[in-house]
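Below are the chains, spelled out letter by letter.
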Amino acid sequence: MFSNCQEQPVSPPHRRGCPGNRPTTSSGIRPFCIHVTRLHSGHVVLAVTGAVDWATTGALRATALEEIAAGARKLVLDFSYLSFWDSSGMGAVASAYRSATHVGASVALAGLSPTLEKTYRLTGMDRVVPLHRDVCTALTA
């Protein structure tokens, strides 16, 4: 998954909310899914596919908070395959950030599409939760 990184998974990634092995819906949009990869360094990558909106943001928030509570030192939200997110998704990122900073951990975003990146930067959240072009850059920042 992170072949050009120094990081190595602790165990195989596991998936939350993933509907079987269907890669896309009939519209060509991937279904909502969170792939969790825990790395030896205490870093955790949450690779999110599909859309983060009012119906799915609770799963993202819960997964992020569980990983932080379990001891993640750095949480990277990989949004490379995210097709849409709304303000509730940004709220989940803010919630993860607050929880992480409370225990001395950090949160970073990686891989937003140009359209979603523009929205993210317009909110000013990029000044609080850093955005990186890819997961490897986020892990080493």
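Let me begin by describing the structure that accompanies this report. This structure is a prediction, so every number in the text was calculated from the model and none was measured.

### A closer look at the packing of aromatic side chains
Then, in step 1: Taken as a whole, this structure holds 2 aromatic pairs when the rule is applied.
Then, in step 2: One aromatic cluster is present, formed by Phe79, Trp85 and Tyr120 through successive ring pairs.

### Overview of the pattern of salt bridges
Two side chains carrying opposite charge are able to pair once their charged atoms lie near each other.
Then, in step 1: On inspection of all chains with the given rule, the structure shows 4 salt bridges.
Then, in step 2: Here Glu67 makes a salt bridge to Arg38, at a shortest N to O gap of 2.7 Å. With Glu67 in helix α1 (residues 57-69) and Arg38 in strand β2 (residues 33-38), this residue pair connects regions lying 29 residues apart in the sequence.
Then, in step 3: Here Glu67 falls in the buried class, since its relative accessible area comes to 4%.
Then, in step 4: When the shortest N-O distance is used, the salt bridge between Arg121 and Glu117 registers 2.8 Å. Of this pair, Arg121 and Glu117 both sit in helix α3 (residues 114-123), 4 residues apart, roughly one helical turn.

### Some details on the side chain of Thr56
Then, in step 1: Looking at where Thr56 falls in the secondary structure, it is placed in the loop between β3 (43-52) and α1.
Then, in step 2: Residues in contact with Thr56, not counting those within four places in the same chain, are Phe32 and Ala51.

About the criteria used
- Residues numbered from 1 in each chain as written.
- Predicted model: local features only at pLDDT ≥ 70, side-chain atom pairs only at ≥ 80, totals over all residues.
- Heavy atoms only, no water.
- Phe/Tyr/Trp six-rings, centres within 6.5 Å; stacked < 30°, edge-to-face > 60°.
- Salt bridge = Lys/Arg side-chain N within 4 Å of Asp/Glu carboxyl O.
- Helix = DSSP H or I, 4+ residues; strand = E, 2+ residues; numbered from the N terminus.
- Buried < 20%, exposed > 50% of the residue type's maximum accessible area, 1.4 Å probe, protein only.
- Contact = heavy atoms within 4.5 Å.

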